[in-house]
Amino acid sequence: MAQQSQPTGQKQKRAVVSSLIFTFPDGESSKPKVALFRRSDKVRTYPHHLAPISGNIDPTDKDPLTAAWRELHEETTLTSANLALWRVGKPFTFSDSTVNREWTVHPFAFKLKPASQGGQGEAAIQTDWEHEGWEWHDPDSVVDDESFGGVPRLHETLRRVFPECEMDERAGEALASGLKRLREDHKSGAHELTSIALATFREVLAQMRDEIDERWWWRVRMTAWHLVKNGRESMGAATLNALLSVLVAVEEIMNQTTTGTEQQQKRDRILSAIDSHLANRQANTARLKDAFTSYIQSTFLTTDPKQDKITMLTLSASSTTRDSILSAFAQADIHTLELRILESRPLFEGATLASSIYSRFQSEFRSPDKQLDIRIYTDAAAALAAQNIDIVLLGADRICASKGVSNKTGSLPVVLSAKHVAPSAKILVLSELEKVVGDDGILEDKVEDNDPEEVFSAWRKETVEGTQVLEDSSTSSKTDRDNSATIQVKNIYFEWVPLTLVDAFVSDEGVLDQTSIENKSQQLGKLASRYFGDL
């Protein structure tokens, strides 16, 4: 490492972003390469050392990611036209006495878009005065050793966004494949995504053949952290709850005294504990359906035994919602269920839900004593769909005591419409208790603004006039922008419904009140701090 002048006085604290750029030469299922940039002698710290694209987080930055994008553009000219955020890493802090600094590093991983994804590949990288050049490296070759020539804690930064570099090859492949599946699945509900995350976690642990010790335990916890943060974070509440419960079981087994010959037995017990948790989640779903049926009976049929019809409005498309509706209808003493479903643009999950409920009713629940009346409404007709209803049924991707219920975009307009046109209707949230989150800083409250292509695709299929103009002018696809007029297409998936607008929370542990939610939130916060706080 180059010699630095030794500053005097109190150690300076700096919060910085550190962005690693990856490319996948043989497709995303293959092993990536990482770009490292050699710092020039014009920079004040670590000249001539290999580094990611780094820079200070300014007071004007909205968040570290904003700073990361700014630094990338300043130092390489790269923008979202040629880069995509791939992963967020767990921040860490270290001191370097040679520069009298305490660094807090916020790592990020970005994917370089090839031509097949509308990018220019490595041709888009144009470095500024801060760099002498750059080169691709095998992530396994990056080490925190002076002979490698990297900035301090370079490997530490890398492994926080790419933990596969310290895993057995098959374990790394299992993690990468699971994260990709979670990230790209925009159809499954949180319950299904959590099952995918748990199955991925199990497969990673099954492939980790190194000794069960503190290094192994760090990798296990980091794997869990990535499945929460870098799968589908906006739907990660259930995944966080489930993985924390599994980590409790894994830690208990790990701490049991064993000899070297009993390591495999310990691995088998750990995998069995995960299998048991997966099986128990099915029992939780059954309890949730029973609780929903009980709520229907006690709220509508006890007060009016002659009521033979219930009208329900929903836009939730999860299997839990579907199964609960059918189960309650089959068991309750109701002749007619009028089910109103919003289509849910741009992916039209409402149409899929309607089809699924209709098919299952015909094959499993059809009876002369039951009449199912399904009506599909456009999203814009939410207020019309809410007229004369008994229930607005919402799912939940998160339940937070301080923010409310996070659910599919359109939930708040439906609730507000129902409050106006059907004030006696019950606003009901149907959700497993595992959707409750704590104020632990693990899950960020950020807008999941998804690919505008999903919206454009729907417009194209309907040959909407002006679609091509909008596509050509969209700021998401322009690199040389004319700032006098811009167009952005927003594809936001989730929004918050305040707790004050909800009449009841039906969970696998019965009907919840706000105190129950707060208690669960506190418990979760403590567990999250225990298992992720020191990573």
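So, how was this worked out
- Residues numbered from 1 in each chain as written.
- Predicted model: local features only at pLDDT ≥ 70, side-chain atom pairs only at ≥ 80, totals over all residues.
- Heavy atoms only, no water.
- UniProt positions renumbered as here; feature names shortened; annotations may be inferred.
- Helix = DSSP H or I, 4+ residues; strand = E, 2+ residues; numbered from the N terminus.
- Core = buried A, V, L, I, M, F, W, Y, C linked by side-chain atoms within 4.5 Å.
- Buried < 20%, exposed > 50% of the residue type's maximum accessible area, 1.4 Å probe, protein only.
- Domains from an automatic or database assignment.
- Contact = heavy atoms within 4.5 Å.
- Expected span 1.5 Å × (residues − 1).

## Overview of the UniProt feature "domain: Nudix hydrolase" (unreviewed entry) in the protein
Phase 1: Taken from the UniProt record, the annotation "domain: Nudix hydrolase" (unreviewed entry) applies to residues 12–167.
Phase 2: Spanning residues 12–167, this segment combines 13% helix with 35% strand, and its end C-alpha atoms are found 35 Å apart.

## Observations concerning the nonpolar core
Phase 1: Among the nonpolar cores identified, the biggest contains 51 residues, and Phe 201, Leu 205, Trp 216, Leu 247 and Phe 532 are the most heavily contacted of them.
Phase 2: Secondary-structure elements contributing two or more residues to this core are helix H3 (169–184), helix H4 (190–207), helix H5 (214–229), helix H6 (237–254), helix H7 (263–301) and helix H14 (514–532).
Phase 3: For this core, the domains that each give at least three residues are domain 2 (167–257) and domain 3 (286–439 + 495–526).
Phase 4: Sequence-distant contacts of Leu 205, defined by excluding residues within four places in its chain, comprise Trp 216, Val 220, Ile 270, Leu 271 and Ile 274.
Phase 5: Core analysis: the next-biggest nonpolar cluster, separate from the first, contains 30 residues, Ala 386, Val 414, Leu 433 and Leu 501 among them.

## Remarks on unusual backbone geometry
Phase 1: Residue Arg 345 is joined to Pro 346 through a cis peptide bond whose omega torsion reads 5°.
Phase 2: By the secondary structure assignment, Pro 346 is in the loop between strand E10 (336–342) and helix H9 (349–365).
Phase 3: Residue Arg 153 is not a glycine yet carries a positive backbone phi of 60°.
Phase 4: If you trace the backbone, Arg 153 turns up in the loop between strand E8 (131–137) and helix H2 (154–161).

## Brief notes about H6
Phase 1: In this model, H6 (18 residues) spans 25 Å end to end at C-alpha, consistent with the 26 Å of a helix rising 1.5 Å per residue.
Phase 2: Here H6 lies mainly inside the structure; 14 of its 18 residues are buried.

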